[in-house]
Amino acid sequence: MALFSKDIKTLNDLFVHTLQDIYYAEKQIEKTLPKLVAKAGSAELKQGFETHLRETRGQIERLEKVFEMHGESPKAVTCPAIKGIIKEAEEVAGDIADQDVLDAALTAAAQAVEHYEISRYGALAAWARELGRNDCAALLHQTLEEERATDEILTRLAEERVNRKAA
């Protein structure tokens, strides 16, 4: 199903499709984060990626609850956006020999992922409220706040340490 295909006729259809999209994205992020941990040179960056991996696993569980609460089975649909973000990160990281520059690239790639997640969870929480699903909205908003906090941590780490070391 394409994002704006004829199969999406209602806000509920869009909500379910986007849940499936972010479920796929979270599963891909869960697979990718251990690779980022292995590539990161900065101890703080490694720790941040490890923390985010634990959070991602909790976010996947939360999404599964949202599916269940909404009467749907957890199902993933391919998310071209996250595939592209991850592919770009892997390509850039593969070309960098300097560890400090690699850390800067990994941090920026992680922020691209966070920004995508923030946009998705923000929309999903708003749509859940419009659909009268405040229970679902509360769980989605919890994840949204985690994603925002992770983005702030990455920004601070980049600006205060990682980017300076790479310069």
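Just so you know, these numbers come straight off a predicted model, no measurement behind them.

## A look at the packing of helix H3 (residues 80-94) against helix H4 (residues 99-130)
In contact at an axis separation of 10 Å, H3 and H4 are set at 175° when each is read in the N-to-C sense. The orientation of H3 relative to H4 falls into the category roughly antiparallel. When H3 is examined against H4, the residues Ala81, Ile82, Ile85, Ala89, Val92 and Ala93 are found in contact with a partner set consisting of Leu102, Ala105, Leu106, Ala109, Ala112, Val113 and Tyr116. Within the contact of H3 with H4, the residues separate by chemical class into 13 nonpolar, no polar and no charged.

## Brief notes about the environment of Thr51
On the secondary structure map, Thr51 appears in helix H2 (residues 43-69). The class for Thr51 is partly exposed, based on a relative accessible area of 31%.

## Some remarks on H3
The end-to-end C-alpha separation of H3 is 21 Å, in line with the 21 Å expected for 15 residues at 1.5 Å each. Of the residues making up H3, those classed as buried are Ile82, Ile85, Ile86, Ala89 and Ala93. Looking straight down H3, one finds that the buried residues subtend no more than 95° of arc, so they occupy a single side. Facing away from the buried surface of H3 by more than 90 degrees, the exposed residues are Pro80, Lys87, Glu88 and Gly94. In this fold, the buried residues of H3 make contact with helix H1 (11-39) and H4.

Conventions and cut-offs
Residues numbered from 1 in each chain as written. Predicted model: local features only at pLDDT ≥ 70, side-chain atom pairs only at ≥ 80, totals over all residues. Heavy atoms only, no water. Axes fitted to C-alpha atoms, helices over the stretch in contact; angles between N-to-C directions. Helix = DSSP H or I, 4+ residues; strand = E, 2+ residues; numbered from the N terminus. Parallel < 35°, antiparallel > 145°, perpendicular 65-115°, else oblique. Contact = heavy atoms within 4.5 Å. Nonpolar A, V, L, I, M, F, W, Y, C, P; charged D, E, K, R; others polar. Buried < 20%, exposed > 50% of the residue type's maximum accessible area, 1.4 Å probe, protein only. Expected span 1.5 Å × (residues − 1). Arc of directions from axis to C-beta.

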